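Observations on chain architecture
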Amino acid sequence: MIDHLVGRPNPSWKRTQVIIVILFWLWRIVRGSSGPPRMLWLTKANRAISKRFTPWQIVVSTLTAVYAIRNFDRLLGLNAPEPLARLYSPSYYRATWIVTGLDAGFATAMSIRPKWLRDISSMIFSVYYIMYAQEADEKLRRFRAVPTIEMLRTTWEKTTNPYIRFLTRLPKVSVRRKILLPRPKSSSYERPITAYLFFGPLEQELCKATELILDFPGGGFVAMTPEHHEERLRMWAVSSGRPVLAIEYGKAPEYPYPFARDEAFDVYRLIVESGGRLIGMSGKKLSVIISGDSAGGTLALNVVIKTLELRNIAAASHQPFKLPLPTAVVLNYAALDFNFTSWMSADNLRVLRSEQSSGNIPGLKEVAELKDHLKHVSPLSMVRDKKPSRKRIRRRSSWKDTFKGFTSGGETEGNKSRKSTTSLMFPARSLSGKPTNRSFGYADEGTLADESSDDGEDFGQVKEEDRPIQDRIVYKYPNGDGSSLPRSDSDIEKEQHKLSIALAEADDKAIRAASGQLPEVGHINNKEPVGTRLTMTSRTGYFQDRIISPSMMRAMAILYIGPHRNPDFATDYHISPILAPSHFLEQFPPLLMQCGEKDPFVDDTVIFAGRVREAKRARKIELDLLLSGKSARFGESMRMSCKTAAELKKERDKLASEEESDWVQMVLFSDWSHGYLQMPTLMSEARSVIEELAEWIDHAFGRYPATVPDPKEKGTGALAPKWPEGGRSPLTSETETDDTGITFVAKRHHGEKSPERTGRTRTPDRPGRQTISEGELMRRRRLLDSHIFV
């Protein structure tokens, strides 16, 4: 209540208040009289209670009364509704309870030095917050409201704590090695690539391996290395029997966009061009499956997109291009869309910059400065950071300073911190009438030439966590202001799209008419499109998520983009792969996309999977029309002219022989949210999911041929795919039908083992899994939104 009376929360005063209360009662117990204060009836009540009850009973009764008073609303049934009552499955909620307690404990202890004491304190605080879960939620909510880089890294990288690592049972592998890889010759970067290699079989078998799992671990682009995903990576290495190479890519803000994206492509190109020899593989017929979770999913898709871009450029210039696509891509709760509605547009930013220098509006420049997220310790801070405490070197005062103090009306160096209120109302001006360069409109407070000022402050002697984000960036791109950087390919794509949109729409109608999908003239379709206006995006609907909150997502996006780019979030598909053009999506390798149904990124998974299906369907129809002699869509003729009729027919036959489940498979886990791949110790169901992923990867390697042929063999073309008996791809889930659908795993069957591991025969009616349409998924989403907000 004191904070509310003062009008501003004051953490320092709260700490002082706690110390004063503790000292007062300790003094009262030790030095005060044994009886109560002589007020009203307290003396008689104390005498009566001491005769009737023992000290133990008195203490317990007091604590019970205090507990009842703090929970009187629950006793009377007046408590607020619980938004998480039916949001998660019991097992996932229990796992988030442990994770939240650990996060709160580690965040509380992150400022403790030295490291050994911080590790011990983190565990002690975590035990406390696991016992008192509500306090953990409140503590973590406050930390996440204004997250810093240290807070994000401390809470997400807790699995490397020596005591947690001691309690974690990691599968045994024969090879667990940290290696450094050089950059390929075509790269413009010089920083070596750090990677971790895991291999389950004997080390002597590594030189015979021809199949590789290339993993990009998640961490919001700012935190976590392969060591924090080691349990999953080890399980894959043991279950699949193949080497797993996990990349420790450069993290923001030290290495902002597009450093991690380019590093991901560099490592793929390096591994493919060497045939895997750099990490000890055979170098023959290398087949690579790329995997990524959360932020790593964005990097994994960028590898495919960058490969397709270079392939199209080489095809247009009639140059050979030897870099193949990966065999398949595995994505888990991938973050594929950065198009947050809270980004400031370029036009609004221009107006803000012009307004801050025109007129005499007080405080407008300060508002503009506070919106520069990279000048703060926390990217979401809207107040100036507290200056780091450090001693300044000052020269001794002299008689000149004393005389100067008399002439300035008695103001000495000690009370210079007091600011003139007139400077807040009227901007200070020079003799020429122009405003002077003063920060936030305050008058210049410096009086000595050799005294350091706040503007342009050198943070070389300041601790890393006290520096603003702008000062922590390690890799700075040339022309870092972003004003003279070349336009991204997405801008060119946008202009081309504007030029061809009219003709493309007309040709699309002709294609739908040829395929029998166009409704008759005059026919009115009364069916309302799914999701219009009623469906809210996950990032808005799941604001109560216990793993990743909207504030954390926005902070990580700001840190990842950095100061060197001002992208168009509505069109830039390198930052938001969900915006990738259709002519890229139609060439994508097989995709397996998994996500929790209650994950904030579930929309990204559903939309991207649907776009891949639509692109491949349209490509199949386009090839049929082209081979039959009919005109193609606008812009397709130039792209197809680079291919011969035999190549087009081969592509058409390949698409015709595949089912849609061979293009993309999507699995949603009921009542789960983000980060379940890091919870195998807390959830047996998560361990089963990791094993099923290894099983899918094993099927993918068996289904598709090597993408990098042996240089000793003749020919460079891909081998014809071999179908198993029965003509059905082993990548197809046993519950999927010919209709496009989503594999939906009920929560009571999350932990059920697959038939391959239990020895049972695969049957099409496996319990616990059902195929639902995208419309049904949207209906579930609308019902959930109404449950949360009503």
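Since we're looking at a predicted model, the values are computed, not measured. (Residues numbered from 1 in each chain as written. Predicted model: local features only at pLDDT ≥ 70, side-chain atom pairs only at ≥ 80, totals over all residues. Heavy atoms only, no water.)

**Observations concerning the overall build of the chain**
Where we set the bar: The helix count covers DSSP runs of H or I at least four residues long, the strand count covers runs of E at least two residues long, and both are numbered beginning at the N terminus. Residue exposure (1.4 Å probe, protein chains only): buried if accessible area is under 20% of the type maximum, exposed if over 50%, otherwise partly exposed. Under the convention used here, a 1.4 Å probe and the Shrake-Rupley method define accessible areas, while residue burial counts only the protein chains that appear.
When you go through the chain residue by residue, the secondary structure sums to 29 helices and 10 strands. Among the 790 residues that make up the chain, the fraction classed as buried is 43%. With the model as given, the accessible surface of the chain reaches about 44100 Å², and the carbon-plus-sulfur share is 57%.

**Points about the packing of helix α7 (residues 115–131) against helix α8 (residues 133–145)**
Filter applied, for reference: For helices, the axis comes from a line fit to the C-alpha atoms of the stretch in contact; other axes are also lines fit to C-alpha atoms, and the angle between any two N-to-C directions lies between 0 and 180 degrees. Roughly parallel means an angle under 35 degrees; roughly antiparallel, over 145; roughly perpendicular, 65 to 115; everything else is oblique. What makes two residues a contact is simply this: any of their non-hydrogen atoms within 4.5 Å.
Interaxial distance between α7 and α8 falls to 5 Å at its minimum, and their mutual angle equals 115 degrees. In terms of orientation, α7 and α8 fall into the roughly perpendicular class. Facing Y128, Y129, I130 and M131 of α7, the residues of α8 in contact are A133, E135, A136 and K139.

**Description of unusual backbone geometry**
Residues apart from glycine generally show negative phi values, whereas peptide bonds are mostly found in trans. Here the residue pair R113 and P114 is connected by a cis peptide bond, since its omega of 0 degrees sits within 30 degrees of zero. Positionally, P114 belongs in the loop between α6 (90–108) and α7. Y257 connects to P258 through a cis peptide bond whose omega is 5 degrees. Topologically, P258 is positioned in the loop between β4 (244–248) and α12 (259–274). Of note in this structure, S294 is not a glycine but carries a positive phi near 55 degrees. In this fold, S294 is placed in the loop between β5 (287–293) and α13 (295–316). A positive phi angle, close to 60 degrees, is found at D671, a residue other than glycine. As for its position among the elements, D671 is in the loop between β8 (664–669) and α27 (684–703).

**Thoughts on the pairing of β8**
To be explicit about the condition: Pairing between strands is defined by DSSP: at least two bridges between the two strands are required.
Among the 6 residues in β8, 6 count as buried, and that is most of the element. Both faces of β8 are covered, namely the face carrying V664, M666 and L668 and the face carrying Q665, V667 and F669. Looking at chain direction, strand β7 (residues 591–596) and β8 are connected through 6 bridges and run parallel. Opposite G596, over in β8, you have F669 as the bridge partner.

**A few points about the pattern of salt bridges**
Going by this rule: A carboxyl oxygen of Asp or Glu within 4 Å of a side-chain nitrogen of Lys or Arg is what we treat as a salt bridge.
Applying the stated criterion across every chain yields a total of 29 salt bridges. Of the charged contacts, one joins D103 and K158 as a salt bridge, the two residues approaching to 2.7 Å between their closest N and O atoms. Here D103 is found in helix α6, whereas its partner K158 is found in the loop between α9 (149–156) and α10 (162–167), with 55 residues between them in sequence. By relative accessible area, which is 12% here, K158 ends up buried. Ionic pairing is found between E230 and R234, a salt bridge with its closest N-O pair at 2.8 Å. Of the two residues, E230 and R234 are both situated in helix α11 (residues 230–240); the distance of 4 residues between them amounts to about one turn of the helix.

**Re the nonpolar core**
Nonpolar side chains in soluble globular proteins tend to be buried together. Formally: What we call a nonpolar core is a set of buried Ala, Val, Leu, Ile, Met, Phe, Trp, Tyr and Cys residues that are connected through their side-chain atoms within 4.5 Å.
One finds F216, L245, L591 and F608 to be the most contacted residues of the largest nonpolar core, which totals 134 residues. Among residues more than four places away in sequence, those in contact with L245 are I179, A195, Y196, L197, L212, I213, L214, D215, I271 and I279.

**A closer look at the pairing of β4**
Burial analysis of β4 places 5 of its 5 residues in the buried class, the great majority of the element. Burial along β4 is two-sided: the residues V244, A246 and E248 and L245 and I247 are all buried. Here strand β2 (residues 193–199) runs beside β4; their pairing, made up of 5 bridges, is antiparallel. When the sheet's bridge partners are listed, A195 is paired in β4 with I247. As judged from the 3 bridges shared by strand β3 (residues 211–216) and β4, these two strands associate in the parallel manner. Among the inter-strand pairings, I213 is bridged to a residue of β4, identified as V244.

**Re the UniProt feature "active site" (unreviewed entry) in the chain**
Rule in force here: UniProt positions are given in the numbering used here, feature names are shortened, and annotations may be inferred rather than shown by experiment.
If you check UniProt for "active site" (unreviewed entry), the listed places come out as S294 in our numbering. With residues near it in sequence (within four places) discarded, S294 still touches G218, N332, Y333, A334, A335 and H674.

**Considering α8**
Filter applied, for reference: Helices are assigned an expected span. That span is 1.5 Å times one less than the residue count. In this description, one arc is meant: the one made by directions from the helix axis to the C-beta atoms.
Look at α8: 18 Å from first C-alpha to last across 13 residues, which is about the 18 Å you get at 1.5 Å a residue. Residues of α8 that are buried: A136, L140 and R144. When α8 is viewed along its axis, its buried side chains cluster within an angular range of 60 degrees and face the same direction. In α8, those exposed residues whose orientation departs by more than 90 degrees from the buried face are Q134 and R142. Buried residues along α8 sit against α6, α7, α9 and α21 (550–561).

**Some words on a nonpolar patch on the surface**
To keep it simple, the criterion reads: Patch membership requires more than 30% relative accessible area and the absence of a salt bridge. Residues of like charge join within 9 Å; the nonpolar side chains Val, Leu, Ile, Met, Phe, Trp and Tyr join within 5 Å.
Where nonpolar side chains cluster on the molecular surface, the patch consists of V18, I19, I22, L23 and L26 and spans about 460 Å² of accessible area. Looking at where I19 falls in the secondary structure, it is placed in helix α2 (residues 11–31).

**Description of the packing of aromatic side chains**
Rule in force here: Pairs were defined over the aromatic rings of Phe, Tyr and Trp, the Trp ring being its six-membered one, requiring ring centres within 6.5 Å. Orientation was assigned from the angle between planes: stacked under 30 degrees, edge-to-face over 60, tilted for the rest. Geometrically, a lysine NZ or arginine CZ counts as sitting over a ring once it is within 6 Å of the ring centre and also within 35 degrees of the ring normal.
Under the counting rule described, the total for this entry stands at 19 aromatic pairs. Ring centres of Y88 and Y92 lie 5.1 Å apart, and the angle between their planes is 55 degrees; on these two criteria the pair is classed as tilted. There is no split in this pair, since Y88 and Y92 are both buried. Relative to Y676, the ring of W672 lies with its centre 5.3 Å away and its plane at 45 degrees, an arrangement referred to as tilted. Assessed through its relative accessible area of 0%, W672 is described here as buried. Residue class for Y676 comes out buried when judged on its relative accessible area of 0%. Among the aromatic residues, those joined into a ring-pair cluster are Y189, Y255, F259 and Y475. The ring of W236 carries the charged tip of R232 above its face, separated from the ring centre by 4.9 Å. Cation over ring: K251 sits above Y249, and NZ or CZ is 4.1 Å from the ring centre.

**Some remarks on the confidence of the model for the chain**
Just so we agree on the cut-off: Note on scores: pLDDT gives the predictor's confidence for each residue, bounded by 0 and 100.
Averaged over all residues, the pLDDT of the chain equals 75, while 67% of them reach at least 70. The model gives residues 481–488 a pLDDT under 50, and that stretch makes 10 contacts with residues more than four places away or in other chains. Low pLDDT, under 50, characterises residues 518–533; the stretch is placed with 7 contacts to residues that sit more than four places away or in other chains.

**Examining the environment of S187**
Stated precisely, the cut-off is as follows: Distance and chemistry together define a polar contact, namely a pair of N or O atoms within 3.5 Å, with one atom able to donate a hydrogen and the other to accept it when in protein, and with adjacent residues in sequence counting only for side-chain atoms on both sides.
Looking at the element boundaries, S187 is found in the loop between β1 (175–181) and β2. Here S187 falls in the buried class, since its relative accessible area comes to 16%. In sequence terms S187 and D262 are 75 residues apart; their C-alpha atoms lie 8.4 Å from each other. At 3.1 Å, the side chain of S187 and the backbone nitrogen of Y189 are in polar contact. Within the structure, S187 has its side chain in polar contact with the side chain of D266 (distance 2.6 Å).

**Quick notes on the side chain of T225**
Within the secondary structure layout, T225 lies in the loop between β3 and α11. Assessed through its relative accessible area of 13%, T225 is described here as buried. With residues near it in sequence (within four places) discarded, T225 still touches P217 and E248.

**Let's talk about the packing of α11 against α27**
Applicable threshold: Two helices cross in a left-handed way if the nearer one is turned anticlockwise from the farther one by less than a right angle. They cross in a right-handed way if the turn is clockwise. Each residue gets one label: Ala, Val, Leu, Ile, Met, Phe, Trp, Tyr, Cys and Pro are nonpolar, Asp, Glu, Lys and Arg are charged, and the others, such as Gly, are polar.
Direction vectors running N to C along α11 and α27 enclose 45 degrees, while the axes themselves pass 9 Å from each other. The pairing of α11 with α27 is recorded here as oblique in orientation. Classified by chirality, the crossing of α27 by α11 is right-handed. For the pair formed by α11 and α27, the contact residues are E231, R232, M235, W236 and S239 on the first element and R687, I690, E691, L693 and A694 on the second. Residue composition of the contact of α11 with α27, by class: 5 nonpolar, 1 polar and 4 charged.

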